Amino acid sequence: MLKVPNASEIFFVCTEGLVTSVTGAEALKLELVAAELPDVSVRHIQTSWLPKDAQIVLCHKTTVGFVQGLVPEAVVIGVTDFLKAPEYKELAEALKEARGL
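Calculation notes
Residues numbered from 1 in each chain as written. Predicted model: local features only at pLDDT ≥ 70, side-chain atom pairs only at ≥ 80, totals over all residues. Heavy atoms only, no water. Helix = DSSP H or I, 4+ residues; strand = E, 2+ residues; numbered from the N terminus. Expected span 1.5 Å × (residues − 1). Buried < 20%, exposed > 50% of the residue type's maximum accessible area, 1.4 Å probe, protein only. Arc of directions from axis to C-beta. Contact = heavy atoms within 4.5 Å. Salt bridge = Lys/Arg side-chain N within 4 Å of Asp/Glu carboxyl O. Core = buried A, V, L, I, M, F, W, Y, C linked by side-chain atoms within 4.5 Å. Axes fitted to C-alpha atoms, helices over the stretch in contact; angles between N-to-C directions. Parallel < 35°, antiparallel > 145°, perpendicular 65-115°, else oblique. Left-handed = near helix turned anticlockwise from the far one by under 90°.

Peer 1: Teacher, can you tell me more about helix H1 (residues 19-34) here?
Peer 2: Note that an α-helix has 3.6 residues per turn; residues three or four places apart therefore point the same way. Compared with the 22 Å implied by 1.5 Å per residue over 16 residues, the 23 Å span of H1 between its first and last C-alpha is a close match. Within H1, the full set of buried residues consists of Ser 21, Gly 24, Ala 25, Ala 27, Leu 28 and Leu 32. Projection of H1 onto a plane perpendicular to its axis shows the buried side chains occupying an angular sector of 165 degrees, all on one side. Residues of H1 that are exposed and angled more than 90 degrees away from the buried face: Val 19, Leu 30, Val 33 and Ala 34. Buried residues along H1 sit against strand E1 (9-14), strand E2 (41-46), strand E3 (56-60) and helix H3 (86-98). Glu 36 sits one or two residues past H1 and shows a positive phi near 60 degrees.

Peer 1: Before we go on, may I ask you to explain the pattern of salt bridges in this structure?
Peer 2: Any two side chains of opposite charge can pair, on the condition that their charged atoms come close. All chains considered together, the criterion is met by 4 salt bridges. Residues Glu 97 and Lys 3 are paired through a salt bridge, measuring 3.1 Å at the closest nitrogen-oxygen approach. Separated by 94 residues along the polypeptide, Glu 97 in helix H3 and Lys 3 in the segment before E1 bring together distant segments of the chain. Residue classification places Glu 97 among the partly exposed residues on the basis of a relative accessible area of 40%.

Peer 1: I keep staring at the environment of Ala 35 and nothing clicks. Help me out?
Peer 2: Note on placement: Ala 35 falls in the loop between H1 and E2. Spatially, the C-alpha atom of Ala 35 lies 7.5 Å from that of Glu 93, the residues being 58 residues apart in sequence. With residues up to four places along the chain from it excluded, the contact list for Ala 35 reads Ala 92 and Lys 96.

Peer 1: How should unusual backbone geometry be read in this particular structure?
Peer 2: Peptide bonds are, in most cases, trans, and in most cases residues other than glycine have a negative phi. With phi around 60 degrees, Glu 36 is a residue other than glycine that occupies positive phi space. Among the secondary structure elements, Glu 36 is positioned in the loop between H1 and E2. For Glu 36, a relative accessible area of 65% puts it in the exposed group.

Peer 1: Would you explain the nonpolar core in this entry?
Peer 2: Burial of nonpolar side chains together is a common tendency in soluble globular proteins. Counting 24 residues, the largest nonpolar core has Leu 58 and Leu 91 as the members making the most contacts within it. Those elements that place two or more of their residues in this core are E1, H1, E3, strand E4 (75-79) and H3. Residues contacting Leu 91, with those up to four places away along its chain left out, are Leu 2, Val 4, Ile 10, Leu 28, Ile 56, Leu 58 and Ile 77. By size, the runner-up hydrophobic cluster in this structure holds 11 residues, among which are Phe 11, Ile 45, Leu 50 and Cys 59.

Peer 1: Help me out: how do you make sense of the packing of H1 against H3 in this one?
Peer 2: A pair of packed helices is captured by two measures, namely the crossing angle of their axes and the spacing between those axes. Viewed as axis vectors pointing N to C, H1 and H3 meet at an angle of 45 degrees, and their least axial separation amounts to 9 Å. When the interaxial angle is binned, H1 and H3 end up oblique. As for how H1 packs across H3, the hand of that crossing is right-handed. Along the contact surface, H1 presents Gly 24, Ala 27, Leu 28, Glu 31 and Leu 32, while H3 presents Tyr 88, Lys 89, Leu 91, Ala 92 and Leu 95.

The following block contains the structure:
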């Protein structure tokens, strides 16, 4: 199972300005609400604006290495299907576990 910190903010980064990553961020928000984690913020952001203290970052699978280099302490999760990524549910469950829920 995926291990994540008890973070209150998740970053969904876009490296190429793709609208699909905005859609992915929205899909992740819906999954978090369904998992009864509505207080977790999901921010869609360009990689150049990614805070160095980010704890959880989602990006396209092909850019995981690049993003990990920017925030080496973060859990970086790569996805390929931004609309229906199984990683969203896995992340929500991991966050619940990190919170002891």
